[in-house]
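# Understanding the architecture of this molecule
For reference, the chains in residue letters:
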Amino acid sequence: MMKHYILNLNPTAKHEWDRCILRDPLTAKRPDIAKLIAEAVGADTGSYLVSVNIEVQVLQQAAVPQAEQLSLSFPEVSMPSQPQLREAA
């Protein structure tokens, strides 16, 4: 059984559970590894000694973009001088 997942590693995450996240690429749900193993074993009731082989192959890496600082340049605009407005009493 071959499954593909997206692994997100963030060692500086605020919460422990957000530091290593494994998600399904289509549904974005976190996989239930025990359920996947149970599906591979079958539906018979019982206790099983299983061997699980996890082979990890990085297919693609997307770097997290660093916070970019934008510099905005505003053109000089000359405003025509307006006559002073009088206060209404």
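Before any of the text, the structure's been laid out above.
Residues numbered from 1 in each chain as written. Predicted model: local features only at pLDDT ≥ 70, side-chain atom pairs only at ≥ 80, totals over all residues. Heavy atoms only, no water.

## Some details on the pattern of salt bridges
Opposite charge on two side chains makes pairing possible when the charged atoms of those side chains draw close. Scanning the model with the defined rule gives 2 salt bridges in all. For the salt bridge of R19 with E16, the shortest nitrogen-to-oxygen distance reads 2.7 Å. For E16, a relative accessible area of 56% puts it in the exposed group. D18 is paired through a salt bridge with R30; the nearest N and O atoms lie 3.9 Å apart. (Salt bridge = Lys/Arg side-chain N within 4 Å of Asp/Glu carboxyl O. Buried < 20%, exposed > 50% of the residue type's maximum accessible area, 1.4 Å probe, protein only.)

## Quick notes on the environment of R19
Tracing the sequence through the fold places R19 in the loop between strand 1 (6–9) and strand 2 (20–23). Judged by its relative accessible area of 30%, R19 falls in the partly exposed class. Distance in space between the C-alpha atoms of R19 and L9 is 5.6 Å, their sequence separation being 10 residues. Excluding residues within four positions of it along the chain, R19 makes contact with N8, L9, N10, P11, A13 and K14. At 3.3 Å, the side chain of R19 and the backbone oxygen of A13 are in polar contact. (Helix = DSSP H or I, 4+ residues; strand = E, 2+ residues; numbered from the N terminus. Contact = heavy atoms within 4.5 Å. Polar contact = N/O pair within 3.5 Å; in protein donor to acceptor, adjacent residues only side chain to side chain.)

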